[in-house]
Amino acid sequence: MRDVYDLRSDTAIQPTAAMVESLRGQYFADDLLSEDASTQQLLDHVCEAFGKEAALFTPTGTMSNQIAAAVVSRPGSEVVLGSDSHIYNLESGGLAANSGVQVRAVGADAGEYRVHEIEAALRTSALQVAPTSAVFLESTYNLNAGHVSSLSNLQEIREVVDRHGAFLYMDGARVFNAAEKLGVELSEIAQHVDALQFCLNKGLGGPLGSILVGTSEFVREAAMIRQRLGGGMRHTGFIAGPSLLAFEDWRERMAEDRAHAAVLASALRSVESVTLMNDPIETNIVSFSLAASRSEAKHFEQQISQRGIHVKPIGPAAFRAVTHSSLSADDVAFCAETMVKVLTAVADSGR
Ligand SMILES: Cc1ncc(COP(=O)(O)O)c(C=O)c1O
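Procedures and definitions
- Residues numbered from 1 in each chain as written.
- Predicted model: local features only at pLDDT ≥ 70, side-chain atom pairs only at ≥ 80, totals over all residues.
- Heavy atoms only, no water.
- Helix = DSSP H or I, 4+ residues; strand = E, 2+ residues; numbered from the N terminus.
- Polar contact = N/O pair within 3.5 Å; in protein donor to acceptor, adjacent residues only side chain to side chain.
- Contact = heavy atoms within 4.5 Å.
- Pairing = 2+ DSSP bridges.
- Axes fitted to C-alpha atoms, helices over the stretch in contact; angles between N-to-C directions.
- Near = heavy atom within 4 Å.
- Areas by Shrake-Rupley, 256 points an atom, 1.4 Å probe, with all protein chains shown as cover.
- Nonpolar A, V, L, I, M, F, W, Y, C, P; charged D, E, K, R; others polar.

S.K.: Can you lay out the side chain of Glu91 for me, pointing to particular residues and giving the numbers?
M.R.: Among the structural elements, Glu91 can be located in the loop between α4 (86-89) and α5 (94-99). There is a polar contact of 2.6 Å between the side chain of Glu91 and the side chain of His86. Contacts of Glu91, omitting those with residues within four sequence positions, involve Thr62, Asn65, Gln66 and His86.

Following this line, the structure appears as structure tokens:
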């Protein structure tokens, strides 16, 4: 029995004992000078896995996304992105503030981008028009959903974007979950985009940080912008060493996280007052709403948190639960059982 079951995000994942142990006796050199051996090893490994020329370590997924936009956009240009994307909704207006670009949002259906909307959104320069500099995709795609874009969807977008000549980028914060769900190599996803970022500290389980991958030219520019934003770091081996371990068995862990999310979803589905908001559950995120008042929903949240279970509120009576490898099958079973009990009691009492 644990004290805390943190399902709010897969960022709650904790470094394993082996990761902590791997730091013992290491010499950490300076990554700004490209001298740290484990950082270089991690970046080389990443380039190979994604089939890209170069990679760059950054402190956060947000910074990677912002750097990418700054590399590929001129002020006054337009970036086409998903209306539910992190970049659009949760990066504090960074595209406008950091790169002077405006955005044009398009829709997606359960992770499948509407290609005709992307095509219609692409603009070339004319006197009164902001030209499209880039299309920014996200997979898994998100705002609490964890849907996966298919390879054929990515291929179609690639063709459309190529005809236009814009840059194609992917925010792949959870691209490992996407690759596991699709049963493909990371490079099979990455081949369709010019550059992408992924987060080390989501389901993957590294301590923190993000890696940008792309062409050597893109990464050279990105390194300059990272420095300008204050994101160049010195002893990144603290992060790179444990992150290398995270790469060893990621596919098995993502499969387990997905299976655990399915267990949770199936338990929640059994409660009449619950509606799953992202059914079918494709990866490790389960979002659900309650046919309940705001105060009933609050009561549910308080009751489960007294038992150590934390979910993220995403609406007046809606929550998100994310599985990750710091939670075992038994932990998830306990969370599912407790949530069902509390939800049933809340519904019965008609609070
Ligand atoms: C899809 C997506 N992109 C980017 C980010 C930003 O990552 P960070 O928190 O490292 O800035 C997140 C964070 O949850 C995310 O879900």
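There's plenty left to go through after this.
S.K.: Can you tell me about the sheet that holds strand β9 (residues 195-199), naming the residues and giving the values?
M.R.: With mixed pairing, seven strands are arranged side by side in an open sheet as β2-β10-β9-β8-β7-β3-β4. Two strands in the sheet have a free side with no partner beyond their single neighbour: β2 (54-58) and β4 (102-106). On average, each strand axis in the sheet is inclined to that of its neighbour by 20°, with strand direction left out of account. Across four bridges, the pairing between strand β3 (residues 78-82) and strand β7 (residues 132-138) is parallel. Considered in β7, the bridge of Val80 is made with Val135. The sheet strands contacting helix α10 (residues 216-228) are β2, β8 (167-171), β9 and β10 (210-214), and the helix crosses β2 at an angle near 20°.

S.K.: For the side chain of Glu282, give the residues involved together with the corresponding values.
M.R.: Along the chain, the position of Glu282 falls in the loop between β11 (274-276) and β12 (285-290). Here the side chain of Glu282 touches His147 through a polar contact of 2.7 Å, side chain to side chain. A polar side-chain atom of Glu282 sits 3.0 Å from the main-chain amide nitrogen of Val148. With residues up to four places along the chain from it excluded, the contact list for Glu282 reads Ala110, Gly146, His147, Val148, Lys181 and Arg258.

S.K.: For the site of the ligand, give the residues involved together with the corresponding values.
M.R.: Around the ligand, the neighbouring residues are Thr60, Gly61, Thr62, Asn65, His86, Glu138, Asn142, Asp171, Ala173, Arg174, Cys199 and Lys202. The contact in question runs from an oxygen atom of the ligand to an N or O atom on the backbone of Gly61, over 2.8 Å. Within the side chain of Arg174, one N or O atom sits 3.0 Å away from an oxygen atom of the ligand. Alone, the ligand offers 390 Å² of accessible surface; in the complex the protein occludes 81% of this. A per-element tally of the shell around the ligand places helix α3 (residues 61-72) first, with three residues. Classifying every residue of the shell around the ligand gives two nonpolar, six polar and four charged.

S.K.: Tell me about the sheet that holds β12, residues and numbers included.
M.R.: Reading across the sheet, the four strands line up as β11-β12-β15-β14 and stay open at both edges, with antiparallel pairing between neighbours. Looking at strand neighbours, the two that pair on one side only are β11 and β14 (312-315), the edges of this open sheet. Direction aside, the axes of adjacent strands within the sheet are offset by 35° on average. Bridge count for β14 against strand β15 (residues 318-322) is three bridges, and the pairing is antiparallel. Bridging from a neighbouring strand, Gly315 pairs with Ala318 of β15. Lying on the sheet, helix α12 (residues 250-269) is in contact with β11, β12 and β15; it crosses β12 at an angle near 15°.

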